[in-house]
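Breakdown of the fold
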Amino acid sequence: CTYFACSSVLSIYLAFKSRGEENGEKVLSVLKRWPGFFVKATWALFSIALPTEIVIFLLYWTLIYEGVTTYRGVMFHGGGIILLLIDGFLISRIPLRIKQFIL
């Protein structure tokens, strides 16, 4: 949830920045001081949220799933990972480095 909030703020900033300052002058004046913070926070939250969602996905479908598929079960334990992947890799274009996978 925090990741999506941070990602949304960063997307709004970039949308207003590309339009110019005449339309979103107040928003830009507040966010101009913090773009580096929002980028770093979004990347950090993504690197925490993605593995967490994968673990939740795997644990639910291997340990808790009892053979009855419901919309709620699929969306809570599969939809979140799809939304996270779409937002992280396609919309925000967060880079993943091989060194992030080495423990």
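Residues numbered from 1 in each chain as written. Predicted model: local features only at pLDDT ≥ 70, side-chain atom pairs only at ≥ 80, totals over all residues. Heavy atoms only, no water.

1. A few points about the overall build of the protein chain
Filter applied, for reference: Counting from the N terminus, the helices are the DSSP runs of H or I reaching at least four residues and the strands are the DSSP runs of E reaching at least two. Here, residues are in contact when the closest pair of their heavy atoms is within 4.5 Å. Working definition of accessibility: Shrake-Rupley area with a 1.4 Å probe, residue cover restricted to the visible protein chains.
A tally of regular secondary structure across the protein chain gives 4 helices and 0 strands. Mapped in sequence order, the helices and strands of the protein chain form the string α-α-α-α. For the protein chain, restricting intrachain contacts to residue pairs at least 6 apart in sequence, the fraction spanning at least 24 positions comes to 61%. If you sum the accessible surface of the protein chain, you get close to 7,800 Å²; carbon and sulfur atoms cover 69% of it.

2. Regarding the packing of aromatic side chains
Note the cut-off: Pairing of aromatic side chains here covers Phe, Tyr and the six-membered ring of Trp, requires ring centres within 6.5 Å, and sorts the geometry by plane angle: under 30 degrees stacked, over 60 edge-to-face, intermediate tilted. Any residue under 20% of the maximum accessible area for its type is buried, any over 50% is exposed, and the rest in between are partly exposed; the area is computed with a 1.4 Å probe on protein chains only.
The final tally for this structure, using the stated rule, is 3 aromatic pairs. Note on Tyr60 and Trp61: the rings are 4.9 Å apart at their centroids and 85° apart in plane angle, and the pair reads as edge-to-face. A relative accessible area of 14% places Tyr60 in the buried class. Note on Trp61 and Tyr65: the rings are 4.8 Å apart at their centroids and 55° apart in plane angle, and the pair reads as tilted.

3. Description of helix α4 (residues 71-91)
Note the following rule: Each residue after the first adds 1.5 Å to the expected span of a helix. For a residue, the bend is simply the angle between two axes, fitted respectively to the seven-residue segment ending there and the seven-residue segment starting there.
Over its 21 residues, α4 extends only 25 Å from the first C-alpha to the last, a length that falls short of the 30 Å expected when each residue adds 1.5 Å. Maximum bend of α4: about 40°, positioned at Gly79. What α4 keeps buried is the set Gly73, Gly78, Gly79, Gly80, Ile81, Leu84, Asp87 and Gly88. Taken from the residues just after α4, Arg93 is the one with a positive phi, measuring 55°.

4. Digging into a nonpolar patch on the surface
For the record, the criterion: Like-charged residues within 9 Å of one another, or nonpolar side chains (Val, Leu, Ile, Met, Phe, Trp, Tyr) within 5 Å, are grouped into patches, provided each residue has over 30% relative accessible area and no salt bridge. In what follows, salt bridge is the name for a side-chain nitrogen of Lys or Arg lying within 4 Å of a carboxyl oxygen of Asp or Glu.
On the surface, a cluster of nonpolar side chains totalling about 620 Å² of accessible area is made up of Ile82, Leu85, Ile86, Phe89, Leu90, Ile91 and Leu96. Tracing the chain through its elements places Leu90 in helix α4. What makes Leu90 exposed here is its relative accessible area of 61%.

5. Focus: the nonpolar core
For soluble globular proteins, nonpolar side chains are generally found buried alongside one another. Note the following rule: Residues belong to one nonpolar core when they are buried, are Ala, Val, Leu, Ile, Met, Phe, Trp, Tyr or Cys, and are joined through side-chain atoms within 4.5 Å.
One finds Tyr3, Phe46, Leu50, Leu84 and Ile94 forming the largest nonpolar core, which totals 5 residues. If we skip the residues at most four places from it in the chain, Leu84 touches Tyr3, Phe4, Phe46, Ala49, Leu50 and Glu53.

6. Regarding the environment of Pro95
Positionally, Pro95 belongs in the segment after α4. Relative accessible area serves as the criterion here: at 24%, Pro95 is assigned to the partly exposed category. Residues Pro95 and Trp43, spaced 52 residues apart in sequence, show a C-alpha to C-alpha distance of 8.4 Å.

7. Concerning the side chain of Asp87
Rules: The charged-residue count follows a simple rule in which Lys and Arg add positive charge and Asp and Glu add negative charge, with His and chain termini not counted at all.
Relative to the helices and strands, Asp87 is located in helix α4. Buried within the structure, Asp87 lacks any salt-bridge partner; its nearest side chain of opposite charge belongs to Arg93, at an N-O separation of 11 Å. Aside from chain neighbours lying at most four places away, what touches Asp87 is Tyr3, Phe4, Ser7, Ser92 and Arg93.

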